[in-house]
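So you can see what is in the structure, the chains are spelled out below.
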Amino acid sequence: MKKSQSLILLLFEFAILCFGLHYLHIGLGLSHSDEMRIIMPILVDIAFLAMFASFGGRLAKLFGIAPMAGKIVLGIIAG
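1. Remarks on the packing of aromatic side chains
So, step 1. Tallied over the entire structure, the rule returns one aromatic pair.
So, step 2. An angle of 25 degrees between the planes, with centres 5.6 Å apart, marks the rings of Phe 48 and Phe 52 as stacked. In this pair, Phe 48 and Phe 52 both sit in helix 2 (residues 34-62), four residues apart, roughly one turn of the helix.
So, step 3. Residue classification places Phe 52 among the buried positions, given a relative accessible area of 11%.

See the structure below:
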């Protein structure tokens with residue numbers, strides 16, 4: 001029971017962060033400033049990949065697997 005609650009909370013947290021970064025990426029793309037329009041979406045993408053790797057490590061730890069294995073698997077999926 002505890003494992004399923006942790007998994008649901010983890011998935012909910014990941015979904016909220018993904019939607020937030022997605023809308024931030026769209027908003028930055030519509031900006032009039034060249035720096036905000038070109039450079040900041042790249043930084044948002046890097047933040048998304050870091051968050052995705054963190055999610056993979058936490059998910060792997062939840063299932064009793066080495067966290068680095070989860071990061072690698074989700075890195076392949078994101079790639």
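2. A closer look at the packing of helix 1 (residues 2-29) against helix 2
A packed helix pair is summarised by two numbers, namely the angle formed by the two axes and the spacing between the axes.
So, step 1. Orientation of helix 1 relative to helix 2, taken along the N-to-C sense of each, is 175 degrees, at an axis distance of 9 Å. Put simply, helix 1 runs roughly antiparallel to helix 2.
So, step 2. Here the contact of helix 1 with helix 2 is built from residues that sort into 20 nonpolar, three polar and five charged.

Rules behind the numbers
Residues numbered from 1 in each chain as written. Predicted model: local features only at pLDDT ≥ 70, side-chain atom pairs only at ≥ 80, totals over all residues. Heavy atoms only, no water. Phe/Tyr/Trp six-rings, centres within 6.5 Å; stacked < 30°, edge-to-face > 60°. Helix = DSSP H or I, 4+ residues; strand = E, 2+ residues; numbered from the N terminus. Buried < 20%, exposed > 50% of the residue type's maximum accessible area, 1.4 Å probe, protein only. Axes fitted to C-alpha atoms, helices over the stretch in contact; angles between N-to-C directions. Parallel < 35°, antiparallel > 145°, perpendicular 65-115°, else oblique. Nonpolar A, V, L, I, M, F, W, Y, C, P; charged D, E, K, R; others polar.

Note that all results are geometric; they support no functional claim without further evidence.
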